[in-house]
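Examining the three-dimensional arrangement
Listed here are the chains, written in short residue letters.
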Amino acid sequence: MATLTADAPPSAPAPETRRGLSWFAERGPAQFIAAIGAVLAVWIVLFTMFRGRNTLALAPADTNALHNWLSDLQTRVGEGRNTNPLFIYVFNPIRAVIDAFANGIQGLIAHPVGDRPVPYIGWLGVVVLLTYLAFVLANWRIALLTLCGFLFMGLQGLWQESMETLALTIAAVAIALLIGIPLGIWAGMSNWFNRLITPVLDFMQILPTFVYLAPLTLMFLIGPAAAVIATLIYAVPPVIRLTAHGIRAVPEETREAVESLGATRFQALHGALLPMAKRTIVLGINQTIMCALAMVTIAALIAAPGLGQVVIQALSTQDVGTAFNAGLAIVIMAIILDRTTTAASERVEVERRSFSGPNRFRRPLIAIGAVVTVIAIWLSYTYQLTAIFPSSLQIGSAHIGLDVGAHIINVANSVTEWLQAHLAPLTNAIKNFVTAWALDPLQTLLDSSPWWLTFAGLTGIAAIVGGRISALITAICLALIIAIGLWQDTMDTLAAVLVATVAVVVLGVVIGVWMGRNRRADQIVRPFLDAAQTMPSFVYLVPFLALFSASRFTGIVAAIVYAAPVAIKIMADGIRGVSTETVEAAQSVGSNTWQIISKVQLPMSARSLALATNQGLIYVLSMVVVAGLVGGGALGYLVVAGFSQTSLFGKGLAAGLAIVLLGTILDRTTAAAARRIGRTGQ
Amino acid sequence: MRCRAFAAGLAALVMLTAGCNATKVSDLQSRGSLAPGSKPCGTFNLAINSWVGYEADAAVITYLAENVLGCTVKEKHIDEQIAWQGLSTGQVDAILENWGHDQLKQQYIDNMGVAQSAGSTGNKGQIGWYVPPWMVQKYPDITDWHNLNKYAEVFRTSESGDKGQLLDGSPSYVTNDAALVENLGLDYKVVQGGSETALISSLRQAEQQKTPLLAYFYSPQWLLSEVPLVKIDLPKYTPGCDADPAKIACDYPDYDLDKIVSTKFAESGSPAYTLVKNFQWTNDDQNSVARSIALDGLSDDEAAKKFIDANPALVAKWLQGTGAEGQP
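First, a word on what this report is: a plain description of the structure on this page. Just so we're clear, the structure is a prediction, and the values are computed from it rather than from any experiment.

All names here are of chain A. Contact pair helix 19 (residues 404-448) / helix 25 (residues 552-577): the axes reach a minimum separation of 10 Å and the direction vectors enclose 95 degrees. What the angle tells us is that helix 19 and helix 25 run roughly perpendicular. Of the residues in helix 25, those touching helix 19 at Ile430, Lys431, Val434, Thr435, Leu439, Asp440 and Gln443 are Arg552, Phe553 and Ile556. Of the residues in the contact of helix 19 with helix 25, the class split is five nonpolar, two polar and three charged.

Looking now at the pairing of strand 1 (residues 43-48) of chain B. Residues and elements named next belong to chain B. Burial analysis of strand 1 places five of its six residues in the buried class, the great majority of the element. Taken together, the six bridges between strand 1 and strand 2 (residues 72-77) define a ladder with parallel strand orientation. The residue of strand 2 that forms the bridge with Ile48 is His77. In this fold, the crossover linking strand 1 to strand 2 by way of helix 2 (residues 52-67) has right-handed handedness.

Applying the stated rule across the entire model yields 18 salt bridges over all chains. A salt bridge links Arg552 of chain A to Asp440 of chain A; the nearest nitrogen and oxygen atoms lie 3.1 Å apart. A residue pair is termed long-range when its members are at least 10 positions apart, and Arg552 of chain A in helix 25 and Asp440 of chain A in helix 19 qualify at 112 residues. Note that Lys305 of chain B is salt-bridged to Asp309 of chain B, the shortest N-O span being 3.0 Å. You can see Lys305 of chain B and its partner Asp309 of chain B sitting in helix 12 (residues 300-310), four residues apart, about one turn around the helix. Through salt bridges with shared partners, a single ionic network connects Asp202, Arg241, Asp667 and Arg668 of chain A.

Here we come to the nonpolar core. Across soluble globular proteins, nonpolar side chains have a tendency to be buried as a group. Ranked by size, the top nonpolar core spans 276 residues in total, and within it Phe150 of chain A together with Phe44 and Trp129 of chain B carry the most contacts. With 16 residues, the single largest contributor to this core is helix 25 of chain A.

Residues and elements named next belong to chain B. All chains considered together, the criterion is met by one disulfide over all chains. Paired through a disulfide, Cys241 and Cys250 show a sulfur-sulfur distance of 2.0 Å. Of note, the bridge from Cys241 to Cys250 carries an S-S torsion of about 85 degrees and is right-handed in sense. Overall, the relative accessible area of 4% leaves Cys250 in the buried class.

Listed per partner, the contact involves 71 residues of chain A and 59 residues of chain B. Approximately 5,500 Å² of surface area, both sides summed, lies buried where chain A meets chain B, with 60% of it carried by carbon and sulfur atoms. By the criterion of area lost to chain B, the three top residues of chain A are Ile222, Gln318 and Tyr383 of chain A, representing 12% of everything that side buries. One can count one salt bridge joining chain A with chain B. A salt bridge links Arg552 of chain A to Glu159 of chain B; the nearest nitrogen and oxygen atoms lie 2.7 Å apart. At the junction of chain A and chain B, the tally comes to 19 residue pairs in polar contact (both at pLDDT 80 or more). Residue classes in the side of chain A that touches chain B are distributed as 39 nonpolar, 25 polar and seven charged.

Residue and element names in this part refer to chain A. Where nonpolar side chains cluster on the molecular surface, the patch consists of Leu86, Ile88, Tyr89, Val90 and Ile94 and spans about 460 Å² of accessible area. Its location among the elements puts Ile94 in helix 5 (residues 85-109). Residue Ile94 is classed as partly exposed on the basis of its relative accessible area of 36%.

This part covers empty space enclosed by the protein. Empty space among the atoms can be located by rolling a probe the size of a water molecule over them. Inspection of every chain in the model, using the stated rule, returns six cavities of 30 Å³ or more. For the largest cavity, the calculated volume is near 800 Å³. In this structure, the largest cavity is lined by 37 residues; those nearest its centre are Ser50, Trp51, Asp79, Ser170 and Glu196 of chain B. Secondary-structure elements contributing two or more residues to the lining of the largest cavity are helix 15 (307-316), helix 24 (537-548) and helix 30 (634-644) of chain A together with helix 7 (196-209) and strand 7 (215-219) of chain B.

What counts and how
Residues numbered from 1 in each chain as written. Chains lettered and ligands numbered in written order. Predicted model: local features only at pLDDT ≥ 70, side-chain atom pairs only at ≥ 80, totals over all residues. Heavy atoms only, no water. Axes fitted to C-alpha atoms, helices over the stretch in contact; angles between N-to-C directions. Helix = DSSP H or I, 4+ residues; strand = E, 2+ residues; numbered from the N terminus. Parallel < 35°, antiparallel > 145°, perpendicular 65-115°, else oblique. Contact = heavy atoms within 4.5 Å. Nonpolar A, V, L, I, M, F, W, Y, C, P; charged D, E, K, R; others polar. Buried < 20%, exposed > 50% of the residue type's maximum accessible area, 1.4 Å probe, protein only. Pairing = 2+ DSSP bridges. Right-handed = clockwise from strand over helix to strand, strands pointing away. Salt bridge = Lys/Arg side-chain N within 4 Å of Asp/Glu carboxyl O. Core = buried A, V, L, I, M, F, W, Y, C linked by side-chain atoms within 4.5 Å. Disulfide = S-S within 2.5 Å. Buried area = accessible area lost by both parts, 1.4 Å probe. Polar contact = N/O pair within 3.5 Å; in protein donor to acceptor, adjacent residues only side chain to side chain. Patch = residues over 30% accessible without salt bridge, like charges linked within 9 Å, V, L, I, M, F, W, Y side chains within 5 Å. Areas by Shrake-Rupley, 256 points an atom, 1.4 Å probe, with all protein chains shown as cover. 1 Å grid on protein atoms, 1.4 Å probe; cavity = no way out; pocket = protein on both sides within 12 Å on 5 of 7 lines; lining within 4 Å. Points joined across faces, edges and corners; volume = space filled by probe spheres on them.

And the structure:
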């Protein structure tokens, strides 16, 4: 998601926001809370008077003229597909090129090619090649991780599926970089282009994938092209944003110095800006890879082969173990790719700063590795044993089974069954409590107030939290939501999103403080956070449904699992960023641990808290559709229904747009708040 | 580090020498050889929708097409709507179990003429409201819809407020449930489960934990052989009683599940088309294969083989006219 919107400092803050420091800067948190309280009090009083009037309700199966028009449009485009010049001259050639490219990579490592019953490079070649690449790009530790990780996927019995996923990811990421880096450079050099492309990127990241899957298969047919493009839409924004950010972050003095030397734009870019931005660009590549992997299960819905396919098919028989096994392979792949690119960006930085050459062992090792890699690839091209991952090994007379996957599946299934059988009464009680005391009241206030009251209330809160510009954006987006006819569903979704975000922020503060103060805790917890972020949510939907029934709360829990890690990581970094001198000074005047946390560390990481809230919201919002699959209803359900039923396509698309509008309100308001606190902090 | 590289090199050498008597890739055979006497089949693009009953149909068809007719079957795991789209773009040759979908039929069969029906699968699809078996033991009169209001309180959940909950499922199917609840004067609220997964999990858990649940469900479905859900008797369906969607107050009709093929495929003369057209079996047949897949953990191929070996007469009927009669 928009991980990076908040990381990137505002390039050119509007003068209004600078003047409008108001609440936090001038009046402090007490006044801020009082103001919010006043708005809520007035809202509640008016709510009791006008409850249930003008709520703009629309039943799930009902549609309005706009929704019908959009559905008809899709039908008409579909019917005219084979004669439409746009398809014949634009979409078909694009499809042909991408299909050829993706099939080429599939044939290299994943699929049989022509008469050859196996791909060109077998498992041994791929494992050695990837290990070698990890060594060259990162270091020997990451290389070891890569070696073990990919062998493990083979032992899971998922070699071919893993390679299909890897091939599709490579294809999508390669195209994303081809498009993204030039656009990012342009956005880095040109202010108007940057302003133009930022909302487009927001739109691409927040619009739920379900909305455009069906149109994509209409344009690019069922096959690699549609899957690659669906992945691309979601995965290209980070690399564009971070490339632009990296170039913009080059200090003004450096730019001026380069210009004063009479360098042309190209020389400046090539000689100074790009090298200095290299580390940030590599981080952008990292984010793009992670986003591409996040699409694996969704792309499986339009026949993309790979691990996602295993997850989806296991779901139809409620086989949690098999889904978990495949999900685990995705997690391992994500962690390997993440660590490799992160280490690569650090290496880039170190090599740029220290002009000393690399370690003296490195060069000969790289040469030896290249030779070993070539031999391994040749072996895996030629011999069956090194081409097809063996399911057992015969050494002498000993027969060793290599099927780790079956054990993982059994254990996961037993654990799930035990949890479902023993925890369900407790978890259902938790669900009922939270629903009755938090979700229901909030949802009623938002969706049973007359629309004008909710409109005014939300705009007022946006003004207090984010300032005048935020209030304006909120008002415009709310008006658009009314115009597309999904007001009440949007308010229901907003209620669930807010409840989930509160939980995410609380977890972020509690676990983030713990991790920030304790290195050991950080080391233990971090891998679990990575796993929660990359494990496809489809894997844990079945146990969650058993534990919490089909309900709005189930969707909220799924959103918390996905969004809390981000908030926790940001908070942990923030707490660690508080200077040790300040903490020691507080200790020397006799403050106890609780006082240090509440009076020193938390207030000093207020900007991190705001950022964690912003990112938490955006991540929660990306789970709205998943929530729709498990009883969340509202916008998420409408998007899912639109994907499945032709007659509801238009309404699903409208629901997708409503999610984007809601996201814009929440993102802009909290980002503005984060900026204000950041400035006050300075 | 040096050790590692050395070890890797050594391993490579070992494999190189061992490789002299190892099987070469070029010795492997590719899949799907042609049976003698049959017409050439080529590639057969089969849409696979995500429910297990469909998978059972697809398993036997794929098995026969590959092993008897020598086709290269390309299975495409896609949603229903996208499968229909595939008929028009030439990427899908056949859909094996279609549930109604009048609107799609109108678009692709009547308006565009790119698809046609290949007859019934012989399966009867039944939609309705179901309760877990333990509830019928405890409340024997619950299966009559007249008594539903009496039990509304039992079905209350966090999602339905002060009404009973009727859990709806798969968003890909149009339901009349909201209208039914209103027109029958039931004190219930329709809650959108949002997916088949949500429905199956809820029903399973309801039986295991003995919690009350009233849910929209359908047969044939493999879950029914694990949890024998009981159908609620709604007012009987009569032709035309569902003409006005807003005024529906009767049960769902029985659906004749049919096969849809692309016109191009039907006219291609492929033996795979003949096989699809001949294919017909009973709900029990489908359930037996679905159970092998969903509950006994057999692969699609194993489940199909088991069924085919046990029903040679039926299979022979399906293969009539393909040029491969009596092969399996």
